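Here's the letter readout for the chains.
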Amino acid sequence: MIKTDLHMHSAFSADSEALPRDNIEAALEKGLDTICFTDHIDYDFPDPEILFDFNIEDYFHELTALREEYEGRIRILIGVEMGMQPHLGERISKTLHDWPFDFCIGSQHVVFNTDPYYQTVWEEYPCGMVYRKYLEETLENVSVLDCFDVLGHLDYVTRYGVPMPEGKNDEVILENMDLIDEILKVLIRKDKGLEINSAAYRKDQAWPNPNPLVIRRYLELGGEIITVGADAHRSMDVAADFDRVKEVLEACNVRALYRYIRRKPERIEF
Ligand SMILES: [Zn+2]
Ligand SMILES: [Zn+2]
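The paragraphs below set out a description of the structure included in this document. Computed from a predicted model, the values in this text were never measured in an experiment. (Residues numbered from 1 in each chain as written. Chains lettered and ligands numbered in written order. Predicted model: local features only at pLDDT ≥ 70, side-chain atom pairs only at ≥ 80, totals over all residues.)

**Observations regarding the sheet that holds strand β5 (residues 150–151)**
Then, in step 1: Ordered by their spatial adjacency, 7 strands build an open sheet running β1-β2-β3-β4-β5-β6-β7, and the pairing between neighbours is parallel. Because the sheet does not close on itself, it has two edges, and the strands there are β1 (4–8) and β7 (226–229).
Then, in step 2: Looking at chain direction, β5 and strand β6 (residues 193–197) are connected through 2 bridges and run parallel. The residue of β6 that forms the bridge with leucine 151 is leucine 194.
Then, in step 3: Lying over the sheet, helix α1 (residues 20–29) contacts β1, β2 (34–41) and β3 (75–83), oriented at roughly 145° with respect to β2. (Pairing = 2+ DSSP bridges. Helix = DSSP H or I, 4+ residues; strand = E, 2+ residues; numbered from the N terminus. Contact = placed C-beta atoms within 7 Å. Axes fitted to C-alpha atoms, helices over the stretch in contact; angles between N-to-C directions.)

Structure follows, in structure tokens:
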């Protein structure tokens, strides 16, 4: 059983109203032994209507108190999901240096200067071009930036755009395997991990992000560090579909997972 969920949001994120305590209680109910809060910071997010940033002092104050309160029942880690853009290296590094974060997920939330979650980019460009551009920008970011621990939801962009046949994005993945290979090689060279994100199942996808083809390729190329997260924005989604993730992990021959404490990877069994 996967007892570690290293990706969840609370009301510290602009797109969530979940109370941290409710996330913890949900995790306990599901039998988890470790969780990590990873609220959003997306500096210079292109949509000025949403501010993906929060008061880090309040964040640590509230989560540290909860961590102490729940000690012995569940391990609570304090992380962040950082939106990556090539010019943000120094700014992100400073934030991570100034605060004792356990974990940083680096995520690509932007393509052609907009979040693919919005319809606009799909109206402006052919879908195939958006998928490829997203991966090109991801490759640039993981190459330029060093400040993250794992790459979040590598093929996130395929949740949007054209509906995938049976929810399977295999064709897009195979078409872009050259770029994906480059991304994975950079991650491995820099000792960065790959996150498996189960939120895709809640968007009617057949696979988590990334597709099992990518997970297999990461292992083939020598990658070892894999983390799992449900990317819950509501407490009820903590550890959502982890049974399906477990099947994928077994099919891909993943032997261990990792968690991060004070930015250091630790191997865990599942
Ligand atoms: Zn994300
Ligand atoms: Zn997230």
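**So, the nonpolar core**
Then, in step 1: Core analysis: the biggest nonpolar cluster contains 73 residues, and Ile35, Met82, Phe103, Leu194, Ala230 and Val238 have the highest contact counts within it.
Then, in step 2: Other than its neighbours up to four places away in sequence, alanine 230 contacts Asp5, His7, Met8, Ser198, Ala199, Asp237, Val238, Ala239, Ala240 and Phe242. (Core = buried A, V, L, I, M, F, W, Y, C linked by C-beta atoms within 7 Å. Buried ≥ 20, exposed ≤ 12 C-beta atoms within 10 Å, placed from the backbone.)

**Some thoughts on helix α8 (residues 212–220)**
Then, in step 1: Where α8 is concerned, the buried positions are Val214, Ile215, Arg217 and Tyr218. When α8 is viewed along its axis, its buried side chains cluster within an angular range of 165° and face the same direction.
Then, in step 2: Along its buried surface, α8 packs onto α6 (170–175), α7 (177–189) and β6.
Then, in step 3: Downstream of α8 by a residue or two, glycine 222 has a phi angle that is positive, lying close to 105°. (Arc of directions from axis to C-beta.)

**Here we look at the pairing of β6**
For a regular strand, the rule is simple: side chains alternate between the two faces of the sheet.
Then, in step 1: With 5 of 5 residues buried, β6 lies mostly within the body of the structure.
Then, in step 2: Bridging between β6 and β7 involves 4 bridges; their strand directions are parallel. Bridge assignment links leucine 194 to a residue of β7, and that residue is isoleucine 226.
Then, in step 3: A crossover connection joins β6 to the parallel β7 through α8; in handedness this β-α-β unit is right-handed. (Right-handed = clockwise from strand over helix to strand, strands pointing away.)

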